[in-house]
Amino acid sequence: MTLSPGHPLMDGRTADSPLITAYRGGKPSRRPVWFMRQAGRSLPEYRRLRQGTGMLESCLKPEMAAEITLQPVRRHDVDAGIFFSDIVIPLKLAGVGVDIVPGVGPVLEHPIRTAADVAALPVLTEEALEPIREAVRLVVAELGSTPLVGFAGAPFTLAAYMVEGKPSRDHLGPRTMMHADPQAWQALANWAADASGMFLRAQLEAGASAGQLFDSWAGSLGLADYSRYVAPASARALEHVRPLGAPLIHFGTGTSELLVAMRDVGVDVVGVDYRLPLDEANRRLGGSVPLQGNIDPALLSAPWEVLEAHVLAVIAAGAEAPGHVLNLGHGVPPETDPAVLTRVVELIHSIEP
Ligand code: CP3
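Owing to the predicted nature of the structure, the values given are computational and were not obtained by experimental measurement. (Residues numbered from 1 in each chain as written. Predicted model: local features only at pLDDT ≥ 70, side-chain atom pairs only at ≥ 80, totals over all residues. Heavy atoms only, no water.)

## Points about the packing of aromatic side chains
Going through the model one piece at a time under the given rule, you end up with 5 aromatic pairs. Measuring from ring centre to ring centre gives 5.7 Å for Phe151 and Phe214, while their planes differ by 85 degrees; the resulting arrangement is edge-to-face. Taken together, the residues Phe151 in strand β4 (residues 148-153) and Phe214 in strand β5 (residues 210-214) connect sequence positions 63 residues apart. According to the relative accessible area criterion, Phe151 is buried, its value standing at 6%. Ring centres of Phe214 and Phe251 lie 6.1 Å apart, and the angle between their planes is 80 degrees; on these two criteria the pair is classed as edge-to-face. Separated by 37 residues along the polypeptide, Phe214 in strand β5 and Phe251 in strand β6 (residues 248-251) bring together distant segments of the chain. Among the residues examined, Phe251 registers a relative accessible area of 1% and is labelled buried. (Phe/Tyr/Trp six-rings, centres within 6.5 Å; stacked < 30°, edge-to-face > 60°. Helix = DSSP H or I, 4+ residues; strand = E, 2+ residues; numbered from the N terminus. Buried < 20%, exposed > 50% of the residue type's maximum accessible area, 1.4 Å probe, protein only.)

Structure representation (structure tokens):
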């Protein structure tokens, strides 16, 4: 399994870009920055384009998904596009009844609660992923030397939605299941790992230059449960893509106690949320990997002087790590003034790497 010779990482387009250089521990020509959820509701051009089209429907229209991915790159001069899609798209493409309800999030028609529910899950096919590949090809043709970051949901975060059937705060359903019926849990986590792994591989093979695994809700787990019931499935998801050789990033929120275990599932870069300063994250990781993060999204609405001082502090805290890609400590809040994001990018690019 290898990337084709015409892939942006192989034909010279993105291999020496600031983002990929930093992900690989080298010295970038400028400080790379992109934002989780940079595509989406903070942009008026997104809201206009999405009018009358459902969220999942928009992800499955290749021209629309490509255009939405490109919007923030044009506007902010960020160092990466993040593919516009959603972690539940592989479920949808497999034929699972799922929708994204505005203001709520992913909702399943039939939550997955028992071993029989897991056994009845449909299997995702390579063919079903064609709209994803097509959207990635359209994006990459426009991006030139700017890398596209592909992504997938980690098995725990995906399974959390599948078991609860909707967003939840404490994720009691999946946490009960892993102890009460470990076999059913493992089967579900493996199903989610394969669906996410195939989804990410489709993006990388079609032209994405890096891949990020989002375990947004892993922070609801202690280290013991994470290591025993979750990490093996996340490693399984990454086995679908590791041989391709593109840099892999692992991110979650509330994961300060899990950073080492998250690195050890086999990634090149660890994403840090806004709770833990990067110098402390680097200490916990023993200086072993480049870091990504961790501007507090709350400060995007603070006065500029406050935000500027915070961004400079994040840069200083990341200085000791073997590489640092600026990002937020979670996604862009929908009410963010996009002009502030552009200004943050300008500030970051103005500081010598
Ligand atoms: O710019 C980007 O980051 C690209 C695209 C992206 C989306 N979802 C688009 C989206 C990515 C990387 C995701 C991943 C995702 N989806 C995660 C992991 C990252 C994270 O934020 O923790 C999770 C947990 C989901 C599940 C999900 N999808 C939620 C919780 C929501 C929000 C629901 C709401 O309306 O508040 C979604 C919907 C969603 N995914 C939107 C976008 C732009 C909003 C939909 C809209 O515009 O109406």
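## Some details on the pattern of salt bridges
Any two side chains of opposite charge can pair, so long as their charged atoms come close to each other. According to the stated counting rule, one finds 19 salt bridges in the structure shown. Taking the shortest distance from any N to any O, the salt bridge between Arg30 and Asp79 comes out at 2.8 Å. With Arg30 in the loop between α1 (18-23) and α2 (44-50) and Asp79 in the loop between α4 (62-76) and β1 (81-82), the pair connects residues that are 49 residues apart, well separated along the chain. In this structure Arg30 comes out as partly exposed when scored by relative accessible area, which is 26%. (Salt bridge = Lys/Arg side-chain N within 4 Å of Asp/Glu carboxyl O.)

## A short note on the site of the ligand
Neighbouring the ligand are 26 residues, the closest being Arg37, Tyr46, Asp86, Ser216 and His330. In this structure, Ala39 approaches the ligand through a main-chain N or O atom, which is 3.0 Å from an oxygen atom. Residue Arg41 places a side-chain N or O atom 3.2 Å away from an oxygen atom belonging to the ligand. Within the residue set of the shell around the ligand, elements represented by two or more residues are α2 and β3 (105-108). (Near = heavy atom within 4 Å. Polar contact = N/O pair within 3.5 Å; in protein donor to acceptor, adjacent residues only side chain to side chain.)

## Details of the packing of helix α14 (residues 304-317) against helix α15 (residues 338-350)
Taken N-terminus to C-terminus, the directions of α14 and α15 make an angle of 45 degrees; their axes are 11 Å apart at the nearest point. Judged on the interaxial angle alone, α15 and α14 are oblique. In the packing of α14 onto α15, the handedness of the crossing is right-handed. Mapping the contact onto sequence places Trp304, Leu307, Glu308, Val311, Leu312 and Ile315 in α14 and Val340, Arg343, Val344, Leu347 and Ile348 in α15. Its residues placed into classes, the contact of α14 with α15 shows 9 nonpolar, no polar and 2 charged. (Axes fitted to C-alpha atoms, helices over the stretch in contact; angles between N-to-C directions. Parallel < 35°, antiparallel > 145°, perpendicular 65-115°, else oblique. Left-handed = near helix turned anticlockwise from the far one by under 90°. Contact = heavy atoms within 4.5 Å. Nonpolar A, V, L, I, M, F, W, Y, C, P; charged D, E, K, R; others polar.)

## Some details on the pairing of β6
Side chains Leu248 and His250 project from β6 onto one buried face, and the interleaved Ile249 and Phe251 project onto a second face that is buried too. Where β5 meets β6, 4 bridges bridge the pair, whose relative direction is parallel. For Gly211, the partnering residue across the bridge sits in β6 and is Leu248. Chirality of the crossover, the property in question, places the unit of β5, helix α11 (residues 223-239) and β6 among those that are right-handed. As paired elements, β6 and strand β7 (residues 269-271) share 3 bridges and run parallel to each other. (Pairing = 2+ DSSP bridges. Right-handed = clockwise from strand over helix to strand, strands pointing away.)

## Details of the pairing of strand β9 (residues 324-328)
Of all the 5 residues making up β9, 5 are buried; the element is thus mostly covered by neighbouring parts of the structure. Neither face of β9 is left uncovered, since the one carrying His324, Leu326 and Leu328 and the one carrying Val325 and Asn327 both have all their residues buried. Judged from the 5 bridges that link them, strand β8 (residues 291-295) and β9 form a sheet pairing that is parallel. Of the residues in β9, the one forming a bridge with Ile295 is Leu328. What joins β8 to β9 is α14, and the crossover it makes is right-handed.

## Structural notes on the sheet that holds β8
Spatially, 7 strands are ordered β1-β4-β5-β6-β7-β8-β9 in an open sheet, and the strand pairing comes out parallel. With one partner strand each, in any of the chains shown, β1 and β9 form the two edges of the open sheet.

## Comments concerning the side chain of Ser85
Along the chain, Ser85 turns up in the loop between β1 and α5 (89-94). Leave out the neighbours within four places in its chain, and Ser85 touches Met55, Cys59, Ile132, Phe151 and Phe199.

## Some thoughts on the environment of Lys27
In this fold, Lys27 is placed in the loop between α1 and α2. The spatial distance from the C-alpha of Lys27 to the C-alpha of Met162 is 41 Å, given a sequence separation of 135 residues. Discounting chain neighbours no more than four positions away, the residues touching Lys27 are Thr21 and Pro353. Among the polar contacts listed, one links the side chain of Lys27 to the backbone oxygen of Pro353, at a separation of 3.1 Å.

## Overview of the nonpolar core
Of all hydrophobic cores here, the largest spans 128 residues; its most connected members are Trp34, Trp185, Leu188 and Tyr226. The dominant element in this core, judged by the number of residues it contributes, is helix α10 (residues 182-206), at 13 residues. Each residue touching Trp185, except ones within four places of it in the same chain, is listed here: Phe156, Ala159, Pro174, Met177, Met178, Tyr229 and Val230. (Core = buried A, V, L, I, M, F, W, Y, C linked by side-chain atoms within 4.5 Å.)

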